[in-house]
Structures are given as C-alpha cells and as structure tokens.
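# Chains, contacts and geometry: an overview
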Amino acid sequence: MNRRRLGRNGPEVSAIGLGCMGMSEFYGAADEAESIAVIHRALDLGVNFLDTADMYGRGHNEELVGRAIAGRRDEVVLATKFGIVRSDDPDARGVDGSPAYVKKAAEASLKRLGVDHIDLYYLHRRDPDVPIEETVGAMAELVAEGKVGRLGLSEVSAETLRRAHATHPIAALQSEYSLFTRDIEAEILPAARELGVALVAYSPISRGLLGGTLPPAGELPDDDFRKRHPRFTGENGARNEELVAEVRKIAEEAGCTAAQLALAWLLSRGEDVIPIPGTKRLRYLEENAAAAGVTLTPDQLAALEAAVPGGARGERYVNMSLIER
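Parameters at a glance
- Residues numbered from 1 in each chain as written.
- Predicted model: local features only at pLDDT ≥ 70, side-chain atom pairs only at ≥ 80, totals over all residues.
- Heavy atoms only, no water.
- Helix = DSSP H or I, 4+ residues; strand = E, 2+ residues; numbered from the N terminus.
- Buried < 20%, exposed > 50% of the residue type's maximum accessible area, 1.4 Å probe, protein only.
- Areas by Shrake-Rupley, 256 points an atom, 1.4 Å probe, with all protein chains shown as cover.
- Contact = heavy atoms within 4.5 Å.
- Expected span 1.5 Å × (residues − 1).
- Arc of directions from axis to C-beta.
- Pairing = 2+ DSSP bridges.
- Axes fitted to C-alpha atoms, helices over the stretch in contact; angles between N-to-C directions.
- Salt bridge = Lys/Arg side-chain N within 4 Å of Asp/Glu carboxyl O.
- Core = buried A, V, L, I, M, F, W, Y, C linked by side-chain atoms within 4.5 Å.
- Phe/Tyr/Trp six-rings, centres within 6.5 Å; stacked < 30°, edge-to-face > 60°.
- Parallel < 35°, antiparallel > 145°, perpendicular 65-115°, else oblique.
- Left-handed = near helix turned anticlockwise from the far one by under 90°.
- Nonpolar A, V, L, I, M, F, W, Y, C, P; charged D, E, K, R; others polar.

- In the annotation of an unreviewed UniProt entry, the entry for the chain reads Aryl-alcohol dehydrogenase-like predicted oxidoreductase, and the organism field reads Streptosporangium sandarakinum.

What follows is the structure in structure tokens.
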C-alpha cells in the first residue's frame, strides 16, 4: 500500500483509508463479526488510516473500532470526530463546538475507543455560535495534554480553515470529494494546499453510486438513508445513473471497476488527497485497496472530465444546513 503524508508535518498514512461509519448505521444492517474482520483485513493490507466519529451509531462505531484494533493499536492512525449532537429524533442534528463540550466529547471517545490518545481529532461540523478560535483553542489543549496527536476540521469554508490554522496547525480537512462532488476545488482545496493541510475525501465513491452496483433507491432497505437521498431518487437518480454508465464504460477500458476508477481519479488529484471509502464488506475493502495500484492515463482522465461535467445532479444531503461554504 502506498503512503501519503497527513499534512505538511504529519505521519504517513495509507493512500486509501477506511471509513467505518456504515458498520454501525445509515447503510442498512451490518454484521459486527464481518465488520471487525474487515478492519483486521484492512490492517493486513496496509490500510492503516481508520475513520470513525462519536455520532456514528451513537457511540457504537467507536466501540466497534476500539474492539477491532485492540492489540494492534500501533498499526493504526486513528481518526475520530466530535461536534454533531443527536437527539431522540433520528433525523435531527445539532452542533456543539463549545470548549467545555470539546473536552467532554474527547474523554468519552477515548473511553469508547479504549485508547489513551487519538491520532487525528476532527471537529465534525462547525458550531456557528462559537468562534472557531475558541473551539480549536480547546482542541489544542488536548494536544498539549497528549490526548490528541493532530487536529482536523470537516466541511468548513476556506475562511474558517485559515482562521483555525492560525490558532493551531490543522493537519487535515475532511470534505466530500469525488467525481460527482467537486465544489471544493474552487476555494477550499486551494486554501488547504496553501496551508499544507491534507484533504481527506469522504464519500469518494459517492455513497456507492459511482460503484455502479446499487439497486434502484426504491429497492433499498428502509434503514438505508440513500432510499431518500436527493441524488438517488426521482429525476436526479435517473440522470445520475446515466452518468454512472459512462463511468463504467471508461472503467472497462481501463481494466478496473468503476469504484476503483473513481478512487484512482481522486488519487490523481494530488499527493495531498487521501480518500477514505467506507465499507462493511471484505470484497469491497479489497477492491478499494487495490485502487491504489491503478494509474490512469491522460486520455482516461480527459474522458472522465468529459463524461461527468459538473458532477452529479442533486444536493449532497437532504438537509445541507450543517455544511459551511
């Protein structure tokens, strides 16, 4: 597995990481034994960059990851996130970036993960009611205490990234980035590069859409949030399926799967881009990891640009209110 650096002075991580969210929630039922086997196999393959968050499964995902890495902690660059607050309403989302909550959330994550430090600690979403300097200042205290190695942000604007970085160095910015989602290229990615911040790309296969193997949204289980997702339903879904078909043609010509093509395209965007495709299945893990060995020609890259002009149709979430731009 190739390696990339997590920020200008950060540790080396696998060029392709592993998003663990779907092992606990959002994408239908998961098998815990298989999920742990996926994490173990990832480590065996050299995929050492694991991503979780305290809100995934309301803490379950951190506990699961913690059990999976027990005894192999030194093989892992462990990232988790805080800041999104959930209630009894499964669709409701709040945010809390107050300094007191930073400390409380970190202690809870350390306990669930069963570790004494977190390698990369992200603010999952910015709290508009708290200056970013106050939130990052409290996160920096965790670094000084040895509980956190490096700091990250998720889904923030270029301006917020610069303000945060001036308070304490930011190692990574996690944002949605894929062939189907490219809005960060205008201002946010250039700002990250100016500051030496790695871009950790989540949903790099567009929640499985770019894999080209999903059934129609109406056939997905009720507990799969893509069943109601703007990019999977109605006219948007039909148009996006046409785009996926074009991507699959190029993948066949390149001798790889559509998912591998999507990941290879991201890797071609720069050495500072680190995709973290999520999966709860061994076969998809191995397919994704193998994408690190796929090199696209200039003609194939040009064909992709022509096939997906402007990205996918439809918003990235049902509710975009927590996304800062």
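## A closer look at the overall build of the chain
- In terms of helices and strands, the chain carries 10 helices and 12 strands.
- Looking at the chain as a whole, 56% of its 325 residues are labelled buried.
- Entry remark: accessible area of the chain is about 13200 Å², with carbon and sulfur atoms responsible for 49%.

## A short note on the environment of Pro-99
- Inspection of the secondary structure assignment puts Pro-99 in helix H3 (residues 99-113).
- Counting along the chain gives 36 residues from Pro-99 to Thr-135, while the straight-line C-alpha distance between them is 5.5 Å.
- Setting aside anything within four residues of it in sequence, one finds Pro-99 in contact with Glu-134 and Ala-138.

## Regarding H3
- With 15 residues, H3 extends 21 Å between its outermost C-alpha atoms, agreeing within 8% with the 21 Å of an ideal straight helix rising 1.5 Å per residue.
- Of all the residues in H3, the buried ones are Tyr-101, Val-102, Ala-105, Ala-106, Ser-109, Leu-110 and Leu-113. On an axial view of H3, the arc spanned by its buried residues comes to 165°, and they lie on one face. Among the exposed residues of H3, those oriented more than 90 degrees off its buried face are Ala-100, Lys-104 and Lys-111.
- In the segment just after H3, Gly-114 is the residue with positive phi, at about 70°.

## Focus on the sheet that holds strand E12 (residues 273-275)
- Across the sheet, which stays open at both edges, the eight strands sit in the order E3-E4-E5-E8-E9-E10-E11-E12 with parallel pairing between neighbours. The open sheet has two edge strands with one neighbour each: strand E3 (18-19) and E12.
- Bridge count between strand E11 (residues 198-202) and E12: three bridges; the pairing is parallel. Residue pairing across strands places Val-200 opposite Ile-274, the latter belonging to E12.
- Where helix H4 (residues 132-144) meets the sheet, it contacts strand E5 (77-82), strand E8 (118-123), strand E9 (148-154) and strand E10 (170-176), and its direction lies at approximately 155° from that of E9.
- Across the face of the sheet, helix H5 (residues 158-167) comes into contact with E9 and E10 while running at roughly 160° to E10.

## Brief notes about unusual backbone geometry
- Despite not being glycine, Arg-58 shows a phi value in the positive range, around 55°.
- Phi is positive for Ser-203, which is not a glycine, with a value near 50°.
- Assignment of secondary structure puts Ser-203 in the loop between E11 and helix H7 (234-254).

## Here we look at the pattern of salt bridges
- Across all of its chains, the model carries 21 salt bridges by this definition.
- In this structure, the salt-bridge partner of Glu-32 is Arg-67, at a minimum N-O distance of 2.5 Å. Residue Glu-32 is located in helix H1 (residues 32-44), and its partner Arg-67 is located in helix H2 (residues 60-69); the two are separated by 35 residues in the primary sequence.
- Given a relative accessible area of 35%, Glu-32 falls into the partly exposed group.
- On the basis of relative accessible area, Arg-67 is assigned to the partly exposed category, the value being 43%.
- A salt bridge links Arg-72 to Glu-75, with the shortest nitrogen-to-oxygen separation between them at 2.9 Å.
- Ionic contacts of the salt-bridge type, sharing partners, join the residues Arg-182, Glu-185, Arg-269 and Glu-305 into one network.

## Digging into the nonpolar core
- Leu-18, Ile-39, Leu-153, Leu-161, Tyr-177 and Phe-180 are the most contacted members of the largest nonpolar core, which totals 84 residues.
- The biggest single contributor to this core is helix H8 (residues 258-267), with nine residues.
- Phe-49, Ala-172, Val-200 and Ile-274 belong to the second largest nonpolar core, which has 14 residues in total.

## Let's talk about the packing of aromatic side chains
- Tallied over the full model, the rule gives two aromatic pairs.
- Between Phe-82 and Tyr-121, the ring centres sit 4.9 Å apart and the planes meet at 25°, which makes this aromatic pair stacked. Of this pair, Phe-82 sits in strand E5 while Tyr-121 sits in strand E8; the two residues are 39 residues apart in sequence, bridging distant segments of the chain. The pair formed by Phe-82 and Tyr-121 is uniform in burial state, with each residue classed as buried.

## Concerning the packing of H8 against helix H9 (residues 282-290)
- Relative orientation of the contacting elements H8 and H9 amounts to 40°, with a least axis distance of 8 Å. Judged on the interaxial angle alone, H9 and H8 are oblique. Here H8 runs over H9; the crossing is right-handed. Here H8 contributes Ala-259, Gln-260 and Leu-263 to the contact with H9, which in turn contributes Glu-287, Asn-288 and Ala-290.
- Looking at the contact of H8 with H9, its residues break down into three nonpolar, two polar and one charged.

## Observations regarding H5
- The set of residues buried in H5 consists of Ala-158, Thr-160, Leu-161 and Ala-164. Looking straight down H5, one finds that the buried residues subtend no more than 160° of arc, so they occupy a single side. Facing away from the buried side of H5, by more than 90 degrees, are the exposed residues Glu-159 and Ala-166.
- For H5, the secondary structure elements touched by its buried residues are H4, E9, E10 and helix H6 (188-195).

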